[in-house]
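# A closer look at the structure
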Amino acid sequence: MKRKLLPSIVGGFIGFVIGVVVGGYLGLVLGGTFLGGLEIYRLTGFEGYELATYVGAIIGALMATVFGIKLASKIVHKP
């Protein structure tokens, strides 16, 4: 059981870390480009690029974690 579960855990963790970094970076770039001129600060307390960075990091972490688990399972369980 441990041998089957360990690659999925490692793949999920690596995917999570990569997803946070890449998602945060893309959110920062897109947020700075498109949301920099909006005055979101008055409504939320966050600048537009900060909010986009946080949202991008969360979405990237969720998506890359699932992708990392599936990829690790495919690599380990090749027929």
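Residues numbered from 1 in each chain as written. Predicted model: local features only at pLDDT ≥ 70, side-chain atom pairs only at ≥ 80, totals over all residues. Heavy atoms only, no water.

Attention now moves to the overall build of the protein. Scanning the protein from terminus to terminus reveals three helices and zero strands. Rg of the C-alpha trace for the protein: 17 Å, well past the compact-globule value of 12 Å for 79 residues, more than 25% over. Counting across all 79 residues of the protein, residues that qualify as buried make up 27%. Residue pairs in contact within the protein that sit at least 24 positions apart in sequence constitute 72% of those at least 6 positions apart. Accessible area of the protein: about 6100 Å², with a carbon and sulfur share of 76%. (Helix = DSSP H or I, 4+ residues; strand = E, 2+ residues; numbered from the N terminus. Rg over C-alpha atoms; globule rule 2.2 N^0.38 Å. Buried < 20%, exposed > 50% of the residue type's maximum accessible area, 1.4 Å probe, protein only. Contact = heavy atoms within 4.5 Å. Areas by Shrake-Rupley, 256 points an atom, 1.4 Å probe, with all protein chains shown as cover.)

This brings us to the environment of Ile75. Its location among the elements puts Ile75 in helix H3 (residues 48-76). Separated by 68 residues in sequence, Ile75 and Pro7 place their C-alpha atoms 9.0 Å apart.

The subject of this paragraph is the confidence of the model for the protein. Residues shown with low pLDDT carry predicted positions that ought not to be read at fine detail. Taken over all residues, the pLDDT of the protein has a mean of 87, while the share at 70 or more is 95%. The secondary-structure element of the protein with the lowest mean pLDDT is helix H2 (residues 41-44), recorded at 80, while H3 shows the highest, at 91. (pLDDT = per-residue confidence, 0-100.)

With respect to the helices, strands and loops of the structure, Thr65 is situated in helix H3. In this view, Thr65 contacts Gly12, Gly15 and Phe16; residues no more than four positions away in its chain are not counted.

Checked against the element boundaries, Pro7 lands in helix H1 (residues 2-34). A sequence separation of 65 residues divides Pro7 from Ala72, and the C-alpha atoms of the two residues are 5.8 Å apart. When neighbours within four sequence positions are excluded, Pro7 is seen to be in contact with Ala72 and Val76.

Relative to the assigned elements, Thr53 resides in helix H3. The exposure class of Thr53 is buried, given its relative accessible area of 19%. In contact with Thr53, not counting residues within four places along its chain, are Gly24, Gly27 and Leu28.

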